[in-house]
Amino acid sequence: MNDLLTALYQELQNLIGFHRQLLDLVRSEKETLIEVSVKKIQDLTFQKEVLIHSIQQTETKRIGIVAAIAAEWKIDPTQLSLQKIIHDVQGTDLKRADAFRSVLNTLTILIQRI
């Protein structure tokens, strides 16, 4: 179980990194649109497509890990949210629960900003 939780945490960290990069690109794109630089807009669009693809790949891995955790916990994967994992883990591993809570908060903020 610890290996699955560690893998999930790593994929969530990857998602945070990709979303931070995407936020930076979106900000650059906005500035470039104001400058009306067609070449730079094309470059930023390509970079954004690459990042979105990376996000999709990481999300697919995360879904697989969550399905494996759900199978171990004998629950429906659609019922396994990050909040439930935090709740269930905090009784035995407060440090890990806090790390997941931090990841959840960070991802939420980044996605809202994008």
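What you see is a predicted model, and the numbers here were worked out from it, not measured in a lab. In this convention, every chain numbers its residues from 1, walking through the sequence in written order. Side-chain atom pairs in this predicted model are given and counted only at pLDDT of 80 or more, local residue features only at pLDDT of at least 70, and totals for whole chains, interfaces and linings cover all residues. Hydrogens and water molecules were not included; the side-chain quantities draw on all heavy atoms of the structure.

Visitor: Honestly, the pattern of salt bridges in this entry has me stumped. Any pointers?
Guide: When a carboxyl oxygen of Asp or Glu lies within 4 Å of a side-chain nitrogen of Lys or Arg, that pair is called a salt bridge. Across all of its chains, the model carries six salt bridges by this definition. Across the salt bridge formed by Glu29 and Lys48, the nearest N and O atoms sit 2.8 Å from each other. With Glu29 in helix α1 (residues 2-35) and Lys48 in helix α2 (residues 38-73), this residue pair connects regions lying 19 residues apart in the sequence. Glu29 sits in the buried class, given a relative accessible area of 15%. Salt-bridge contacts for Lys84 lead to Asp88; the nearest nitrogen and oxygen are separated by 2.9 Å. Placement of both Lys84 and Asp88 in helix α3 (residues 82-89) is noted, with a separation of four residues, approximately one turn of the helix. Using a relative accessible area of 31% as the deciding quantity, one classes Lys84 as partly exposed. We call a residue buried when its accessible area falls under 20% of the maximum for its residue type, exposed when it is over 50%, and partly exposed in between, using a 1.4 Å probe and counting protein chains only. Overall, Asp88 belongs to the partly exposed group, its relative accessible area being 33%. Only DSSP runs of H or I with at least four residues qualify as helices, and only runs of E with at least two residues qualify as strands; both kinds are numbered from the N terminus onward.

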